[in-house]
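Okay, here's what each chain looks like letter by letter:
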Amino acid sequence: MTKKLPNLAVLGATGVVGREILNILDENKVEFNSIKFLASKRSAGSTIEFKGKNYAVIEATDDVFDDVDICLASAGGETSKRFAPVAAKKGCVFIDNSSAFRMDKEVPLVIAGVNDEDLRKHKGIIANPNCSTSQLMLPLKALDEKYKVKRLIVSTYQAVSGAGLKAINELTDNIKTNLVGMPYEPSAFKYEIAFNVIPQIDVFCDNGYTKEEMKVTNETRKILHFDESVKISCTAVRVPVYIGHSEAVSVEFEKPVDENEARELLKNTWGVEVRDDVSTYTYPTPKDAAGKNPVYVGRIRKSIAFDNGLEFFCVADNLRIGAALNTVRLAQKVIEMELY
């Protein structure tokens, strides 16, 4: 019996991540019966070319979800809050790339290849994690299964594309003005981003951490089913890089860890590519990751701060693994597991 192909929709199709979703749907050869491209009223009527065919962008309204099986959404939290419950009620599986439902106890938060079984718990809405959380989960899941994580400290170095098109343009404009010695008034960031690093992403919480830092902490706990005994801390920093988040990771385990064994383990982990040979200065950088799918891991070494500790550096294309790629992979898992 031939499996029924789904009717797909992409919400936020004209945005930076939305367009990346289209690229990856094509790259991954995702099969479908029909597809709709949804956006705001402002973008409705414009044209999107996909797989050699032109499609008119449709304004997102309640009615457009009537015949949609799976919606891949990247249109912001308020839009998701508006349409996700409507779509779910109509029998559509709404895969949401915003932060709107990530910490909702009724909504599974999933990284494909890490906690796929959580997809079975969905009630019409599935949340895609924050970009900086996403790239960490593939290597950390493998290490946790082997050594059991006890404590996690993460420092992120995040590209401006994580803050959207306005931030990308601001970096370009800010660089140009700096090079000719002209003053610049930032608007996307609190400080100038050109030739600078800014130790703030999102707003500050009452505990002194930023919302971004707490996302990494709370989402990691939810995805890997860690209880409160696992201590997690994050410092998130914006850096003048266009694409590719980097993370310096320190992990303490309950079991003894051997760096060579851990390196081999990560080499055999799906979605991870190890680039780690200090004798030849081989380690990953954001430029290595741009436009590519793997999470690149390097600088793997035994910690001198923790008895059962490991340090590593990982980079990934934040628009892919941290957003569009995982959204598409989740749609593929929903199709494969027949959860729509």
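This structure is a prediction, so every number in the text was calculated from the model and none was measured.

Caption draft 1: Representation of the layout of surface pockets in the model. Taken as a whole, the largest pocket holds about 1,200 Å³ of empty space. Taken together, 45 residues make up the lining of the largest pocket; nearest its centre are Gly76, Ser161, Gly162, Ala163 and Gly164. Only helix 1 (16–27), helix 2 (77–89), helix 5 (211–223) and helix 8 (320–336) provide two or more residues apiece to the lining of the largest pocket. A breakdown of the residues in the lining of the largest pocket according to their chemical character gives 16 nonpolar, 22 polar and 7 charged. Considered as a void within the structure, the second largest pocket measures approximately 250 Å³ in volume. Taken together, 14 residues make up the lining of the second largest pocket; nearest its centre are Lys105, Val107, Asp118, Lys222 and His225.

Caption draft 2: Focus on the packing of helix 3 (residues 131–147) against helix 5. At a closest axis distance of 9 Å, the pairing of helix 3 and helix 5 adopts a crossing angle of 40°. You can see that helix 3 and helix 5 cross each other, and the crossing is right-handed. Across from Ser132, Thr133, Met137 and Leu140 in helix 3, the residues of helix 5 making contact are Glu212, Lys215, Val216, Glu219, Thr220 and Ile223. Residues that form the contact of helix 3 with helix 5 fall into these classes: 4 nonpolar, 3 polar and 3 charged.

Caption draft 3: Structural detail: the side chain of Thr327. You can see Thr327 is positioned in helix 8. Side-chain polar atoms of Thr327 contact the side chain of Asn128, separated by 3.0 Å. In this structure, Thr327 is in contact with Ile21, Leu72, Ile95, Asn97 and Asn128, ignoring residues within four places of it in sequence.

Caption draft 4: Representation of the environment of Pro294 within the structure. With respect to the element layout, Pro294 can be found in the loop between helix 7 (286–289) and strand 13 (295–302). When near neighbours in sequence (up to four residues on either side) are disregarded, Pro294 contacts Gly271, Glu273, Val315 and Ala316.

Caption draft 5: Spatial organisation of helix 2. Taking 1.5 Å as the rise per residue, helix 2 with 13 residues should run 18 Å; its terminal C-alpha atoms sit 18 Å apart, in good agreement. Residue Phe83 marks the point of greatest curvature in helix 2, where the axis turns by about 30°; the proline Pro85 follows within four residues. Along helix 2, the residues classified as buried are Ser80, Phe83, Ala84, Val86 and Ala87. Among the structural elements, strand 7 (93–96) and strand 8 (125–127) are those in contact with the buried residues of helix 2. Directly beyond the C-terminal end of helix 2, a positive phi value near 90° is found at Gly91.

Caption draft 6: Geometry of the packing of aromatic side chains. Within this structure, the stated rule accounts for 6 aromatic pairs. For the ring pair Phe37 and Tyr55, a centre distance of 5.1 Å and an interplane angle of 85° mean the geometry is edge-to-face. One end of the pair, Phe37, is in strand 2 (residues 34–39); the other, Tyr55, is in strand 4 (residues 53–56), with 18 residues separating them in the sequence. The exposure classification of Phe37 matches that of Tyr55, with both residues buried. Grouping aromatic residues by their ring pairs yields a cluster made of Phe32, Phe37, Phe50 and Tyr55. Lys51 extends its terminal NZ or CZ atom over the ring of Phe50, reaching a point 5.9 Å from the ring centre.

Caption draft 7: A look at the sheet that holds strand 11 (residues 245–253). Across the sheet, which stays open at both edges, the 6 strands sit in the order 10-9-11-14-13-12 with mixed pairing between neighbours. At either margin of the open sheet sits one strand with a lone partner, and together these are strand 10 (231–238) and strand 12 (272–274). Taking each pair of neighbouring strands and ignoring which way they run, the sheet shows an average axis angle of 20°. Both strand 13 and strand 14 (residues 309–316) contribute to a ladder of 5 bridges, which runs antiparallel. Directly across from Tyr296, in strand 14, lies its bridge partner Val315. Those strands touched by helix 3 are strand 9 (149–158), strand 11, strand 12, strand 13 and strand 14, and its axis lies near 25° from that of strand 11. Against the sheet, helix 5 touches strand 9 and strand 10, its axis set at about 140° to strand 10.

Caption draft 8: Structural detail: the packing of helix 3 against helix 6 (residues 259–267). In the contact formed by helix 3 and helix 6, the axes pass within 10 Å of each other and the chain directions differ by 130°. As the angle between them shows, helix 3 and helix 6 are arranged oblique. With respect to the hand of their crossing, helix 3 and helix 6 are arranged in right-handed fashion. Judged by residue contacts, Pro139, Ala142, Leu143, Lys146 and Tyr147 of helix 3 engage Glu261, Ala262, Leu265 and Leu266 from helix 6. The residue inventory of the contact of helix 3 with helix 6, partitioned by class, reads 7 nonpolar, no polar and 2 charged.

Quick notes on the rules
- Residues numbered from 1 in each chain as written.
- Predicted model: local features only at pLDDT ≥ 70, side-chain atom pairs only at ≥ 80, totals over all residues.
- Heavy atoms only, no water.
- 1 Å grid on protein atoms, 1.4 Å probe; cavity = no way out; pocket = protein on both sides within 12 Å on 5 of 7 lines; lining within 4 Å.
- Points joined across faces, edges and corners; volume = space filled by probe spheres on them.
- Helix = DSSP H or I, 4+ residues; strand = E, 2+ residues; numbered from the N terminus.
- Nonpolar A, V, L, I, M, F, W, Y, C, P; charged D, E, K, R; others polar.
- Axes fitted to C-alpha atoms, helices over the stretch in contact; angles between N-to-C directions.
- Left-handed = near helix turned anticlockwise from the far one by under 90°.
- Contact = heavy atoms within 4.5 Å.
- Polar contact = N/O pair within 3.5 Å; in protein donor to acceptor, adjacent residues only side chain to side chain.
- Expected span 1.5 Å × (residues − 1).
- Bend = angle between axes of the 7 residues up to and from the residue.
- Buried < 20%, exposed > 50% of the residue type's maximum accessible area, 1.4 Å probe, protein only.
- Phe/Tyr/Trp six-rings, centres within 6.5 Å; stacked < 30°, edge-to-face > 60°.
- Lys NZ or Arg CZ within 6 Å of the ring centre and 35° of its normal.
- Pairing = 2+ DSSP bridges.
- Parallel < 35°, antiparallel > 145°, perpendicular 65-115°, else oblique.

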